[in-house]
Amino acid sequence: MNNRLYNKLIFELSVEGRKGYSLPSDEFEEYDISSLSPTLLRAEDAALPECDELTVVRHYTNHSANNFGVNNGFYPLGSCTMKYNPVINEEIAASREFANLHPLQPAETCQGALEVYYCVQEMLAQLTGMHEFTLNPCAGAHGELTGLMIIKAYHDHHGNKERTKVVIPDSAHGTNPASAAICGYNVVEVKSKADGTVDIDHLKELIATDGNEIAAMMMTNPNTLGIFEYGIPEIARLIHGCGGLMYYDGANLNPMLGVARPGDMGFDVMHVNLHKTFSTPHGGGGPGSGPVGVRKGLEIYLPTPRVVVDAEGGLRIETGDYEKSLGSVGCFFGNFGVILRAYAYLLTLGKQHVCEVGPLATLNANYIKESLKDVYELPIEGVCKHEFVFDGLKDKSTGVTTMDVAKRLLDYGYHAPTVYFPLLFHESMMIEPTENESKQTLDEFISVMRKIAEEAATNPELVKGAPHNTPIGRVDDVKAAKEPVLVFL
Ligand SMILES: *Cc1c(COP(=O)(O)O)cnc(C)c1O
């Protein structure tokens, strides 16, 4: 590849006076700008790069080829479920009929879009065992906040002013305590046992001292270690018994799809990350959608607007005054493009195949885990669900860290797993293969991971110096986060 073109900014390729176009002057007259009002004119020309057309095309084409996504290679990033994103979903989302809709359009003119909306609400309710869904929140974390606001509205409504605490396991994703805090709750941490699941004895102690102050407990299942929380029925009994509600963080819904339903386990409020479980490419922080579902009785608190069926069977947008509704939690209807992709994805799977997603994702994760646990440290033995965590290489004497292994994987054409999360272990490496990866792909990944372990033993400097084949080597992550340079100076 031409280094000159992709190592530079487009501004650095600029040559004064160069143009990217030429038009015949007998066809296109020079526009006389003196006819424009001076208030419309720039004082100076815009500072645009001056490049010839081919330089521009090559520059951006080469940049696009530097991007690594699920369409380039295996992408075992845990926790985020960056999964299969069928191209047909993109085509549907980009179609003129949907893309040109305006959120203020009268309902009679967008019945099709409202039907998509309504059907996704219904499908999610069926898949999760919840009574009703809102699709308005725009991300998982936004769903958490909305869900906790519903819980708060419920407690306020019932005069439970003393319920100021939310119980969250120590294995939780960081957004859980953050959402609880933003909603005005105090976070109480419940410990995990050695097998990675919630320590119910510790929970009982917390309930014994703080029971009447507990507003809710938030749980992820399978949890962020990829372990199924088999204690949920008992936990739900304990929390309900002391007057609290159960919140389900649905970011890991993938392995349960069509197999088990949070509504049946005793959860009262939950969110789904459509961009994770239902196929929207979401690198770099977006786009997302975090629908919130509630059990019967809590739907009165759901935010507006809502899409409802009217007496004639048409679909209507209700923004009106629901006495107890939270009101708006974002603009208009949330992220319609993501909702549309989820609909297309669910229709493509159908009832028949949606039940296979969870078992296959689980099988793939266990296959990788069992194939590598002799060379990578497995802190929690046993069957995992869709993802699992290694605590770095088994042989710690080489000094090769999880970060080094992650960087070396890039040299072999793989995206790195999630590293240094969850925080329960020092060298966390969280691996998640999705349900639709072939056995050949998994076998190749396993052999590369074994090769890196061997390199770590025989030539540790090679791994520590990785990546060697990428356009950019190791970036200073901390500096990039703390002193980002976002403009060309
Ligand atoms: C991703 C994730 C979240 C947050 O969801 P966003 O859509 O990124 O806001 C919450 N909990 C868990 C377990 C997650 O993996």
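Predicted model, so just to flag it, every value in this text is computed and none were measured.

Conventions and cut-offs
- Residues numbered from 1 in each chain as written.
- Predicted model: local features only at pLDDT ≥ 70, side-chain atom pairs only at ≥ 80, totals over all residues.
- Heavy atoms only, no water.
- Near = heavy atom within 4 Å.
- Polar contact = N/O pair within 3.5 Å; in protein donor to acceptor, adjacent residues only side chain to side chain.
- Areas by Shrake-Rupley, 256 points an atom, 1.4 Å probe, with all protein chains shown as cover.
- Helix = DSSP H or I, 4+ residues; strand = E, 2+ residues; numbered from the N terminus.
- Nonpolar A, V, L, I, M, F, W, Y, C, P; charged D, E, K, R; others polar.
- Contact = heavy atoms within 4.5 Å.
- Phe/Tyr/Trp six-rings, centres within 6.5 Å; stacked < 30°, edge-to-face > 60°.
- Buried < 20%, exposed > 50% of the residue type's maximum accessible area, 1.4 Å probe, protein only.
- Salt bridge = Lys/Arg side-chain N within 4 Å of Asp/Glu carboxyl O.
- Pairing = 2+ DSSP bridges.
- Axes fitted to C-alpha atoms, helices over the stretch in contact; angles between N-to-C directions.
- Right-handed = clockwise from strand over helix to strand, strands pointing away.
- Core = buried A, V, L, I, M, F, W, Y, C linked by side-chain atoms within 4.5 Å.
- Arc of directions from axis to C-beta.

### Topic: the site of the ligand
Around the ligand, the surrounding shell holds 13 residues, and the nearest of these are Gly-140, Ala-141, Asp-249, His-275 and Lys-276. Gly-140 is positioned such that a nitrogen or oxygen atom in its backbone is 2.7 Å from an oxygen atom of the ligand. Between the ligand and the protein, one listed contact pairs an oxygen atom with a side-chain N or O atom of Lys-276 at 2.8 Å. When the ligand is considered free in solution it has 380 Å² of accessible area, and contact with the protein chains removes 88% of it. Residue assignment for the shell around the ligand shows that the elements contributing at least two residues are helix 6 (140-157) and helix 11 (274-277). Here the residues of the shell around the ligand are counted per class, giving 3 nonpolar, 7 polar and 3 charged.

### As for the environment of Val-329
Mapped onto the fold, Val-329 is located in the loop between strand 9 (315-318) and helix 12 (336-372). Put simply, Val-329 and Thr-146 are 183 residues apart on the chain and 7.2 Å apart in space, counted from C-alpha to C-alpha. When neighbours within four sequence positions are excluded, Val-329 is seen to be in contact with Asn-136, Pro-137, His-142, Thr-146, Pro-303 and Thr-304.

### A word on the packing of aromatic side chains
In total, this model carries 9 aromatic pairs according to the counting rule given. Where Phe-74 meets Phe-445, the ring centres are 4.9 Å apart and the plane angle is 65°; that geometry is what we call edge-to-face. Of this pair, Phe-74 sits in the loop between helix 2 (53-65) and helix 3 (87-94) while Phe-445 is found in helix 14 (residues 439-458), placing the two residues 371 residues apart along the sequence. Taken as a pair, Phe-74 and Phe-445 share a single burial class, namely buried. With centroids separated by 5.9 Å and ring planes inclined at 45°, the aromatic side chains of Phe-98 and Phe-336 adopt a geometry described as tilted. With a gap of 238 residues between them, Phe-98 in helix 4 (residues 96-99) and Phe-336 in helix 12 connect regions that are remote in the sequence. According to the relative accessible area criterion, Phe-98 is partly exposed, its value standing at 21%.

### A closer look at the pattern of salt bridges
Throughout the structure, instances matching the rule amount to 21 salt bridges. With a shortest N-O distance of 2.8 Å, Lys-165 and Glu-213 are connected by a salt bridge. You can see Lys-165 sitting in strand 2 (residues 165-169) and its partner Glu-213 sitting in the loop between helix 8 (200-210) and strand 4 (214-220), a full 48 residues away along the chain. With relative accessibility at 27%, the residue Glu-213 sits in the partly exposed group. A single salt-bridge network, built from bridges that share partners, covers Lys-369, Glu-370, Lys-373 and Glu-381.

### So, the sheet that holds strand 12 (residues 428-431)
In space, the 3 strands of this open sheet follow the order 10-12-11, with antiparallel pairing throughout. The open sheet is flanked by strand 10 (388-391) and strand 11 (418-419), the only strands paired with a single partner. Two elements, strand 11 and strand 12, share 2 bridges in a ladder whose sense is antiparallel. Looking across to strand 12, one finds that Val-419 is bridged to Met-429. Packing against the sheet, helix 12 makes contact with strand 10 and strand 12, and its axis sits at approximately 20° to strand 10.

### Some words on the sheet that holds strand 1 (residues 132-134)
The mixed open sheet is built from 7 strands, whose spatial order is 1-7-6-5-4-2-3. The open sheet has two edge strands, strand 1 and strand 3 (186-190), and neither has a second partner. Across the sheet, the axes of successive neighbouring strands diverge by a mean angle of 25°, strand direction being ignored. On top of the sheet, helix 6 reaches strand 2, strand 4, strand 5 (245-250), strand 6 (269-272) and strand 7 (292-294); it is set at about 170° to strand 5, its chief contact. Where helix 8 meets the sheet, it contacts strand 2, strand 3 and strand 4, and its direction lies at approximately 145° from that of strand 3.

### A short note on the pairing of strand 5
Of all 6 residues in strand 5, 6 are buried, a share of seventy percent or more. The alternating pattern of strand 5 places Leu-245, Tyr-247 and Asp-249 on one face and Met-246, Tyr-248 and Gly-250 on the opposite face, and all of these are buried. Examined bridge by bridge, strand 4 and strand 5 share 5 bridges and lie parallel to one another. Residue pairing for strand 5: Ala-216 is matched across the bridge by Leu-245. For the handedness criterion, the β-α-β arrangement of strand 4, helix 9 (residues 232-241) and strand 5 is classed as right-handed. With 4 bridges joining them, strand 5 and strand 6 adopt parallel strand pairing. If you follow Gly-250 over to strand 6, its bridge partner there is Val-272.

### Notes on the nonpolar core
Generally speaking, a soluble globular protein has its nonpolar side chains buried in company with each other. With 55 residues, the main nonpolar core has Met-217, Ile-235 and Phe-278 as its most contacted residues. Looking at this core, the elements with two or more residues in it are helix 5 (111-128), strand 3, helix 8, strand 4, helix 9, strand 5, strand 6 and helix 12. In terms of residue count, helix 12 provides more of this core than any other element does, 11 residues in total. Ignoring any residue separated from it by four or fewer positions in sequence, one finds Ile-235 in contact with Val-198, Ile-200, Leu-203, Met-217, Met-219 and Met-246.

### A few points about the side chain of Thr-398
Tracing the backbone shows Thr-398 in the loop between strand 10 and helix 13 (402-411). A distance of 3.2 Å separates the side chain of Thr-398 from the backbone nitrogen of Val-400, its partner in a polar contact. Residues in contact with Thr-398, not counting those within four places in the same chain, are Ala-456, Ala-457, Pro-460 and Lys-464.

### What to know about helix 8
Taken as a whole, helix 8 has its buried residues at Ile-200, His-202, Leu-203, Leu-206, Ile-207 and Asp-210. Seen end-on, helix 8 carries its buried residues on one side only, within an arc spanning 155°. Those residues of helix 8 that are exposed and aimed more than 90 degrees away from the buried face are Asp-201, Glu-205, Ala-208 and Thr-209. The elements touched by buried residues of helix 8 are strand 2, strand 3, strand 4 and helix 9. Regarding helix 8, its N-cap is Asp-199, as a side-chain oxygen of that residue lies 3.0 Å from the backbone nitrogen of Asp-201 further along.

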